[in-house]
Amino acid sequence: MTENKTFIYESIFNQIRMGFHSIDEIQENIIEEIEDNEFADEISEEWAFDTIREEYQKLLSESKQWKSPTDTERLINAFDELCDDNIVALHKAGYTTTDGEYEVVEVERELQENEIESDGYCFYHEQDLARAIAIENPSLYIAFQKVDNSDDAVTIEVGKRVAEVLINNDFKIKWDGSARTKIEITGFRWQKIFDEDARDLQDYSEVVDRMIQ
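What this report covers is the structure whose coordinates are included nearby. (Residues numbered from 1 in each chain as written. Predicted model: local features only at pLDDT ≥ 70, side-chain atom pairs only at ≥ 80, totals over all residues. Heavy atoms only, no water.)

### Points about the pairing of strand β1 (residues 87–90)
Under the convention used in this document: Each residue is assigned to one of three classes by its accessible area relative to the maximum for its type, calculated with a 1.4 Å probe on protein chains only: buried under 20%, partly exposed between the two thresholds, exposed over 50%. Each helix corresponds to a stretch of at least 4 residues labelled H or I by DSSP, and each strand to a stretch of at least 2 residues labelled E; elements are numbered beginning at the N terminus. Two strands qualify as a pair provided that DSSP identifies no fewer than 2 bridges between them. The handedness of a crossover follows from its direction of travel: if, with the strands pointing away from the viewer, the path from the first strand over the helix to the second runs clockwise, the crossover is right-handed.
Of the two faces of β1, the one holding I87 and A89 and the one holding V88 and L90 are both buried throughout. Pairing geometry for β1 and strand β2 (residues 120–123), over four bridges, is parallel. Note that in β2 the partner of L90 across the bridge is F123. Of the crossover connections in this fold, the one passing from β1 over helix α5 (residues 97–113) to the parallel β2 is right-handed.

### Concerning the sheet that holds strand β5 (residues 183–186)
Operational definition: Throughout, a contact is declared for two residues whenever any of their heavy atoms are within 4.5 Å. To obtain each axis, a line is fitted to C-alpha atoms, and for helices this fit is confined to the stretch in contact; angles are then taken between N-to-C directions over 0 to 180 degrees.
Read from one edge to the other, the open sheet built from five strands follows the order β1-β2-β3-β5-β4, with strand pairing classed as mixed. Both edges of this open sheet fall to β1 and β4 (173–174), since each of them pairs with a single strand only. Pairing geometry for β2 and strand β3 (residues 139–145), over three bridges, is antiparallel. Looking at β3, one finds that Y121 is bridged to Q145. Across the sheet, helix α7 (residues 152–168) lies against β1, β2, β3, β4 and β5, angled at about 140° from β3, the strand it touches most.

### Concerning the packing of helix α4 (residues 71–84) against helix α8 (residues 204–212)
Packed helix pairs are specified by the crossing angle of their axes together with the interaxial distance, meaning the distance between the axes. Formally: An angle below 35 degrees is read as roughly parallel, one above 145 as roughly antiparallel, one from 65 to 115 as roughly perpendicular, and any other as oblique. In this classification, Asp, Glu, Lys and Arg are treated as charged, Ala, Val, Leu, Ile, Met, Phe, Trp, Tyr, Cys and Pro as nonpolar, and every other residue, Gly included, as polar.
Two elements in contact, α4 and α8, have axes whose closest approach is 8 Å; the angle formed by their N-to-C orientations is 45°. With respect to their mutual orientation, α4 and α8 come out oblique. Residues D80, C83 and D84 of α4 lie in contact with α8, whose contacting residues are V207, R210 and M211. Grouping the amino acids of the contact of α4 with α8 by side-chain chemistry returns three nonpolar, no polar and three charged.

### Let's talk about the nonpolar core
Keep this limit in mind: The criterion is simple. A nonpolar core is a set of buried Ala, Val, Leu, Ile, Met, Phe, Trp, Tyr and Cys residues joined through side-chain atoms within 4.5 Å.
By size, the foremost hydrophobic cluster in this structure holds 45 residues, and its most contacted members are L75, L90, I142, V162, L166 and W190. Among the elements that line this core, the one with the most residues is α4, at six residues. Residue contacts for V162: discarding those within four places in its chain leaves L82, I87, C122, I142 and I183.

### Regarding the packing of helix α1 (residues 3–18) against helix α3 (residues 45–63)
Condition: Handedness of a crossing is defined here by the sense of rotation of the near helix relative to the far one, left-handed for an anticlockwise turn of less than a right angle and right-handed for a clockwise turn.
Following both chains from N to C, one finds α1 and α3 inclined at 40°, their axes separated by 10 Å at the closest point. By the criterion of interaxial angle, the relationship of α1 to α3 is oblique. Considering the relative orientation of α1 and α3, their crossing is right-handed. Between α1 and α3, the contacting residues are K5, I8, Y9, I12, F13, I16 and R17 on the first element and W47, A48, T51, I52, E55, Y56, K58, L59 and E62 on the second. Classifying every residue of the contact of α1 with α3 by side-chain character gives ten nonpolar, one polar and five charged.

### Side note on a negative patch on the surface
Under the convention used in this document: Within this analysis, patches are made of residues with over 30% relative accessible area and no salt bridge. Like charges are joined at 9 Å or less; nonpolar side chains (Val, Leu, Ile, Met, Phe, Trp, Tyr) at 5 Å or less. Accessible areas in this description were obtained via Shrake-Rupley with a 1.4 Å probe; residue shielding takes into account the shown protein chains only. We define a salt bridge as a side-chain nitrogen of Lys or Arg found within 4 Å of a carboxyl oxygen belonging to Asp or Glu. A residue counts as positive if it is Lys or Arg and as negative if it is Asp or Glu; His and the chain ends are not included. Where a charge lies is defined by one atom per residue type: Lys uses NZ, Arg uses CZ, Asp uses CG and Glu uses CD.
A contiguous patch of negative charge, built from D24, E25, E28, E32, E35, D36 and E45, is present on the exposed surface. With six residues, the top contributor of residues to the negative patch is helix α2 (residues 23–36). With respect to the helices and strands, E28 occurs in helix α2.

### Comments concerning the state of the cysteines
Short version of the rule: The disulfide definition used here is simple: a pair of cysteine sulfur atoms within 2.5 Å.
Scanning all chains against the criterion turns up zero disulfides. Here C83 is not disulfide-linked; the sulfur of C122 is the nearest cysteine sulfur, at 7.6 Å. When its relative accessible area of 4% is taken as the criterion, C83 is described as buried.

The quantities given are spatial measurements derived from coordinates; they are silent on function.
As structure tokens, then:
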């Protein structure tokens, strides 16, 4: 496989394994990616669509062996518990830490419009998620903080609360207890297949609704 094909293959693999887009959406995304990178002379639509179908079928086959609750299902439950405990917890918040922080501020603004201030927040972003779908040594990093806070003691308190909820949901974590280090869920394997009828984990208005109830 050429370097360019490998690049597109990895994008296909990630989008299917993350489970946030339908096959139609992934096909559109991939064709756009091929065109934007000027790979059209080398990579055909037929190859791209065949690869998407093959990778989707692989995931479907694997999913028959998944044990419920999956790591993903337990993480969703943990994040719901954190929201109930007044900590904003966002799934796949942007592509980078900076993106995630922007999303959190938007949620916090909506909470404040409802006269609520969160005790802190946590999230993982798309680059974190890419590690959780890796075939070997998967893990997931969780960022945490409180909006407009520069006090390490406050940050660490948020980290402790997030860590406690993760541990209570049977996750093994690695964290040095500092304000500067993300919490790592070791051995975390993301297991999700796109389902248009399932809950949209990136609908952050649900987080706001949950926290203002």
